[in-house]
Amino acid sequence: MNELTKAEEQIMQYIWKLDKAFLKDIVEQFPEPKPAYTTISTVVRVLVKKGFLNFETFGKVRQYSPTITKEQYFKKHFKNVIGSFFSGSKSKFAMFFTENEDFNLTELEEIKNLIENKIETLKEKND
């Protein structure tokens, strides 16, 4: 499954939020000024072709639903980011957080707690 373009990802965000949606429902999610109906329709057709969406036909209209959850896509995309930007090293990815000055102490503490909780869970699982 390919990565999403920004336009595709925006539409997928709306569809993940709605779970199932007709084209008019997707259009309504966009803030003003809304993109053209035909533009959104084209991107939705591409998402169907790429395998991210499937649809059910009701007369002349289609109801679209995702074939992949937001979490599944994020996990795959995340692996690609680690592979591309950190040579596949999760440790280098973690080091990025420690060296990035955009994080404050509270945010780093939260990340630390999440990691410590995961370590405990894995230890209990292996015992």
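Residues numbered from 1 in each chain as written. Predicted model: local features only at pLDDT ≥ 70, side-chain atom pairs only at ≥ 80, totals over all residues. Heavy atoms only, no water.

A.B. asks: How would you sum up the domain arrangement of the chain? Please name residues and give values.
C.D. replies: Reports of interface size often rely on the accessible area that becomes lost once the parts have come together. According to the domain assignment, the chain contains domain 1 (6-66) and domain 2 (89-126). Distance between the C-alpha centres of domain 1 and domain 2: 36 Å. (Domains from an automatic or database assignment.)

A.B. asks: Got a sec to walk through the pattern of salt bridges? Specific residues and values, please.
C.D. replies: As enumerated under the stated definition, the model contains three salt bridges in all. Across the pair lysine 24 and aspartate 25 runs a salt bridge, and its minimum N-O distance is 3.2 Å. The salt bridge partner of glutamate 116 is lysine 112, with a shortest N-O separation of 4.0 Å. Placement of both glutamate 116 and lysine 112 in helix H6 (residues 105-126) is noted, with a separation of four residues, approximately one turn of the helix. (Salt bridge = Lys/Arg side-chain N within 4 Å of Asp/Glu carboxyl O. Helix = DSSP H or I, 4+ residues; strand = E, 2+ residues; numbered from the N terminus.)

A.B. asks: Quick one: what's the story with unusual backbone geometry, residue by residue and with numbers?
C.D. replies: Of the consecutive residues glutamate 32 and proline 33, the connecting peptide bond is found in the cis state with omega at -10 degrees. The topology assignment puts proline 33 in the loop between helix H2 (23-29) and helix H3 (37-50). We note that serine 87 has phi near 55 degrees; this positive angle belongs to a residue other than glycine. Structurally, the position occupied by serine 87 is in the loop between helix H4 (70-85) and helix H5 (90-99).

A.B. asks: Describe in detail the pairing of strand E3 (residues 61-66), supporting the description with residues and values.
C.D. replies: Within a regular beta strand, the side chains point alternately toward one face of the sheet and then the other, so they alternate between its two faces. The pairing of strand E1 (residues 21-22) with E3 spans two bridges and is classified as antiparallel. When the sheet's bridge partners are listed, alanine 21 is paired in E3 with tyrosine 64. As paired strands, strand E2 (residues 53-58) and E3 are joined by six bridges and run antiparallel to one another. Counterpart to phenylalanine 58 in the pairing with E3 is valine 61. (Pairing = 2+ DSSP bridges.)

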